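# A closer look at the structure
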Amino acid sequence: MERGTKKGELPPGLAELMRRAGEGAPARPVEKWDPPHCGVIDMRIAADGTWFYMGTPITRPALVRLFASVLRREPDGEYVLVTPVEKVGIHVDDAPFLAVEMAVDGEADERRLTFRTNVDDVVTADAAHPIRFAIEPQTLGVKPYVTVRAGLEALLTRALTHDLVDLAQEREGALGLISAGAFFSLPELPEDGAG
């Protein structure tokens, strides 16, 4: 618990993320719905988190949050928007969400890393919501992702990636991050340089 936090109160960083998230679209039980697949629609989530319909950006945040609340990833990797009566495939360039803010509460083994996404989901990295790292082949840059829910991830922005790497610590010879009792190893970069 952070200094100055009373029992039952949220740490200040987490409270601020929750305040900024405001009223998001309510969680929907998409994992319980099994409607027929009705094809693929011309909807795309770009790598920068922008949602497009028929090539036009969707600029209404409430509409984007609504679509995000019914997004699901199928076992075969396909992203679908699902309702109780139908599901349709969409294209996702990288991850469906971006992690745009991070709150760091506690220190060392007691640290908790909490993220707010571009669609106002708030998630704390832990065993159920792991952080994974990918190496971008062209640049050998590290790309961290945090699981938001059931196979849906948020890519951390470049600024958050730098903040995250600054928090790395060594545990049993491996460099990584601790959040909510879980340890997430940073990847080892290839030694032959960029290709």
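Treat the numbers as computed from the prediction; the structure is a model and nothing was measured. (Residues numbered from 1 in each chain as written. Predicted model: local features only at pLDDT ≥ 70, side-chain atom pairs only at ≥ 80, totals over all residues. Heavy atoms only, no water.)

For any pair of aromatic rings, geometry is given as the distance between the ring centres together with the angle between the planes. Counted under the stated rule, the structure contains one aromatic pair. Pairing Trp51 with Phe67 gives two aromatic rings, centres 6.2 Å apart and planes at 15°, and the pair type is stacked. Residue Trp51 is located in strand β2 (residues 51–53), and its partner Phe67 is located in helix α2 (residues 61–69); the two are separated by 16 residues in the primary sequence. The ring of Tyr145 carries the charged tip of Arg132 above its face, separated from the ring centre by 4.2 Å. (Phe/Tyr/Trp six-rings, centres within 6.5 Å; stacked < 30°, edge-to-face > 60°. Helix = DSSP H or I, 4+ residues; strand = E, 2+ residues; numbered from the N terminus. Lys NZ or Arg CZ within 6 Å of the ring centre and 35° of its normal.)

Counting across every chain of the model gives ten salt bridges. Where Glu74 meets Arg72, a salt bridge forms, and the shortest distance between an N and an O atom there is 2.7 Å. You can call Arg72 buried: its relative accessible area is 11%. Across the pair Glu101 and Arg116 runs a salt bridge, and its minimum N-O distance is 2.6 Å. Linking Glu101 in strand β7 (residues 97–105) with Arg116 in strand β8 (residues 112–117), this pair joins segments that are 15 residues apart in sequence. Summarising the burial analysis for this pair, Glu101 and Arg116 share the class buried. Taken together, the shared-partner salt bridges connect Arg65, Glu101, Arg116 and Asp120 into one network. (Salt bridge = Lys/Arg side-chain N within 4 Å of Asp/Glu carboxyl O. Buried < 20%, exposed > 50% of the residue type's maximum accessible area, 1.4 Å probe, protein only.)

Let's shift gears to the environment of Ala180. Inspection of the secondary structure puts Ala180 in the loop between β14 (174–179) and β15 (182–185). In the structure, Ala180 is positioned 74 residues away from Gly106 in sequence and 9.6 Å away in space, judged by C-alpha atoms. Contact partners of Ala180, with chain neighbours within four places excluded, come to Arg111, Arg112, Thr124, Ala125 and Asp126. (Contact = heavy atoms within 4.5 Å.)

Before going further, it helps to examine α2. Every buried residue of α2 is accounted for by Val64, Arg65, Ala68 and Ser69. Looking down the long axis of α2, one finds its buried residues gathered within 135° of arc, a one-sided arrangement. (Arc of directions from axis to C-beta.)

This paragraph deals with the pairing of strand β6 (residues 87–92). Working note: regular strand, side chains alternate between the two faces of the sheet. Extensive coverage of β6 is indicated by the burial of five of its six residues. The pairing of strand β1 (residues 37–45) with β6 spans four bridges and is parallel. What sits directly across from Arg44, in β6, is His91. The sheet contact formed by strand β5 (residues 79–82) and β6 spans four bridges and is antiparallel. Its bridge partner lying in β6, Tyr79 is registered against Ile90. Following β5, the chain reverses through four residues before pairing antiparallel with β6. (Pairing = 2+ DSSP bridges.)

Now for the confidence of the model for the protein chain. Confidence along the protein chain averages 85 in pLDDT terms, with 83% of residues attaining 70 or more. Confidence drops under pLDDT 50 across residues 1–5; counting only partners more than four residues distant or on other chains, this segment forms ten contacts. (pLDDT = per-residue confidence, 0-100.)

Of note in the backbone geometry, Asp120 takes a positive phi value of approximately 70° without being a glycine. Of note, Asp120 is situated in the loop between β8 and β9 (122–124).

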